[in-house]
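The residues making up each chain are set out below.
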Amino acid sequence: MSRRLFLALIHSLPACAAHPSVAFAGAKSKSIRPLEFGPATAFSFSKVKKQARKRASLPYAPRPTPAPRIVNQIDYDAHNRIFQPIERGLFPAPDGDGAVTLLHLARLFPHPARIHLLDDGVAREIRYRKHDFRYPKESPAANMPDDAGFSGFRVHRHGDPKGLERGLAPDWMSFLGASYFRSSGDLDQYGVSARGLAIDTAVAGKEEEFPAFTEFWIEKSGSDYHVYALLEGKSVTGAYFFEIKRFPNVVTTVEATVFPRRDDIACLGFAPLTSMYWYSETNRWAGRDWRLEVHDSDGLLMHNGAGEWLWRPLNNPARLSVSTFLDESPRGFGLLQRDRSSASYIDRVAYERRPNLWVEPLGKWPEGAIHLVEIPTESEYSDNIVAFFKPAEKSRVNTPIQISYRLHWNAEEILPPHIAPAVAIRMTKPWTRTLQVAESVPATGVWSHARKVMIEFRGESLGRFGLARLRPVVEGAMPGEEIPLVQDPDGDPNHLRVIFNVPGQEEDPTEVRAFLLGPDGPVTATVLVQVWMT
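None of these values were measured; they are calculated from a predicted model.

Trainee: Any details on the side chain of D339? Residues and values, ideally.
Mentor: Tracing the sequence through the fold places D339 in the loop between β22 (332-336) and β23 (356-362). For the buried D339, no salt bridge exists, and the shortest N-O distance to an oppositely charged side chain is 7.0 Å, to R426. In this structure the side chain of D339 is engaged in a polar contact, spanning 3.1 Å, whose partner is the backbone nitrogen of S341. Filtering out sequence-adjacent residues up to four positions away, D339 remains in contact with E293, D298, S344, Y345 and E352.

Next up, the structure:
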């Protein structure tokens with residue numbers, strides 16, 4: 001299976017995987033049999049770390065698939081119709097709020113993960129039993145052997161009465177597929193995802209590796225959750241701790257210790273984020289679709305070690321593109337969904353509610369770089385955007401790597417109030433004959449193409465300065481061009497436009513930096529526009 005198909009399928013799973021018109025086997029009974037557990041064992045995170053260290057010294061052995069013939073028959077649609085009712089999961093509640101249910105194995109998720117309930121330092125493994133799930137009649141899952149295992153789990157919020165009668169409640173956090181996990185954030189809509197590690201992503205001559213969480217320990221503490229996980233792959237093992245808070249916003253604190261199995265890992269990416277960008281107002285012509293915009297995220301925001309705020313709008317490039325932003329002690333980065341107007345998408349799938357995902361480093365991170373990978377796509381069904389942090393120092397066998405960070409899943413603007421964001425970037429071909437590229441020939445060669453670029457900034461701080469006290473600073477524009485700063489036609493003094501022309505060649509993109517300068521320094525984020533001429 002290709003990387004693109006794998007990502008497209010695992011992240012198109014709905015929040016509540018059951019079809020309303022399906023007749024289910026194993027109907028709800030008056031007496032609910034309790035979950036079946038293995039023997040109690042003492043647990044500590046240090047034990048998980050020791051286990052990860054030991055396995056790193058052993059040859060990699062992928063998890064076998066139980067009953068592979070049966071599992072292969074459970075395709076995407078069949079998997080969506082199999083679910084564990086709320087009352088048969090962990091921490092059941094009358095309204096479903098806070099319950100944890102387990103996910104079934106399937107063709108896309110064939111390798112089982114061992115899942116344990118953790119309580120007061122004691123762990124008990126949850127045994128797989130067919131009658132703990134509901135599935136359509138004649139489903140191949142009915143023939144699964146006992147103790148087959150689970151593909152992952154999800155955490156639920158309160159549900160409506162009709163859904164609860166059938167054992168259903170919407171979920172707001174899930175761990176499913178390799179080392180992927182995600183939250184619906186404060187707007188209750190899945191979008192961008194995170195994962196444990198990115199290995200050899202978009203490295204020439206290397207096949208990307210997807211290490212997987214093979215074992216989980218789940219503990220509930222009030223309204224919070226503590227999840228411990230063992231990561232295993234061909235190149236690494238790892239011990240992970242997740243502290244998951246839902247209120248007032250969803251925040252996941254991650255503490256990871258990674259043990260490399262080999263020295264020649266070309267790219268080891270930490271805090272990786274994965275999202276989808278097809279087109280927006282910037283490249284509307286690329287969509288060939290009736291909607292105005294289609295994306296889960298529209299830009300990468302970075303707060304570097306020097307304190308500068310950088311906004312890099314996402315692209316759907318003509319070919320694979322990898323952008324690298326060197327940094328030392330980064331203060332944060334994330335994939336954001338900045339356009340929150342439903343009128344921008346005119347679609348029922350609620351792109352305007354997709355969460356931002358912001359990485360807040362804990363402690364001092366080493367020197368390294370934030371990588372942004374953009375993969376060409378022709379549909380909304382591919383997670384074609386990846387962002388992660390790669391340390392400059394190469395990993396070494398027998399040298400564990402420790403890293404901690406917080407993940408913020410919400411719809412809030414990340415920028416401080418005195419820094420105005422870029423709310424839109426629009427492009428077209430030059431408007432007049434006087435701007436034809438052929439009439440401008442630099443000393444280094446001929447420009448074969450050009451684009452007119454308009455950047456819109458919006459922020460309450462802009463109106464306080466006024467146009468006379470602000471100056472646009474643009475690197476990469478047409479040499480000698482006068483760059484105007486104008487108020488947007490909507491009449492809002494806090495909504496300003498910068499308009500300029502960018503020369504370039506067809507083969508490679510032109511890199512542009514633009515911001516508004518006030519009397520005491522920048523008053524907007526620095527926009528890094530990658531202008532493609534194709």
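Next, the rest of the story.
Trainee: I'd like to hear about the pattern of salt bridges, residue by residue, with values.
Mentor: A full pass over the atoms with the stated rule returns 31 salt bridges. Salt-bridge contacts for D200 lead to R262; the nearest nitrogen and oxygen are separated by 3.6 Å. Of this pair, D200 sits in the loop between β11 (197-199) and β12 (212-221) while R262 sits in the loop between β15 (250-260) and β16 (268-275), placing them 62 residues apart in sequence. D200 gets classed as buried once you look at its relative accessible area, which sits at 2%. Residues joined by salt bridges that share partners form a network here, namely R114, E125, R127, D147 and E215.

Trainee: Describe the sheet that holds strand β31 (residues 495-504), with residues and values.
Mentor: Strands sit in the order β27-β28-β31-β30 across an open sheet of 4 strands; the sheet is antiparallel. The open sheet has two edge strands, β27 (422-428) and β30 (485-487), and neither has a second partner. Looking at each pair of strands side by side, their axes are set apart by 25° on average, direction ignored. In this structure, β30 lies alongside β31, joined through 3 bridges in antiparallel fashion. Bridging across to β31, Q487 finds its partner in L496.

Trainee: Give me the packing of aromatic side chains: which residues, what numbers.
Mentor: Under the criterion given, the structure shown has 26 aromatic pairs. Between Y228 and F241, the ring centres sit 4.8 Å apart and the planes meet at 35°, which makes this aromatic pair tilted. With Y228 in strand β13 (residues 224-232) and F241 in strand β14 (residues 236-245), this residue pair connects regions lying 13 residues apart in the sequence. Residue classification places Y228 among the buried positions, given a relative accessible area of 12%. Aromatic side chains Y345 and Y351 sit 5.9 Å apart centroid to centroid with 45° between the ring planes, which places their arrangement in the tilted category. Neither Y345 nor Y351 differs from the other in exposure class; each is buried. Taken together through their ring pairs, the aromatic side chains of F153, F175, F181, F213, F216, Y240, F242 and W409 make up a single cluster.

Conventions adopted
Residues numbered from 1 in each chain as written. Predicted model: local features only at pLDDT ≥ 70, side-chain atom pairs only at ≥ 80, totals over all residues. Heavy atoms only, no water. Helix = DSSP H or I, 4+ residues; strand = E, 2+ residues; numbered from the N terminus. Buried < 20%, exposed > 50% of the residue type's maximum accessible area, 1.4 Å probe, protein only. Lys, Arg positive; Asp, Glu negative; His and termini not counted. Salt bridge = Lys/Arg side-chain N within 4 Å of Asp/Glu carboxyl O. Polar contact = N/O pair within 3.5 Å; in protein donor to acceptor, adjacent residues only side chain to side chain. Contact = heavy atoms within 4.5 Å. Pairing = 2+ DSSP bridges. Axes fitted to C-alpha atoms, helices over the stretch in contact; angles between N-to-C directions. Phe/Tyr/Trp six-rings, centres within 6.5 Å; stacked < 30°, edge-to-face > 60°.

Interpretation in functional terms is not warranted from these geometric data alone.
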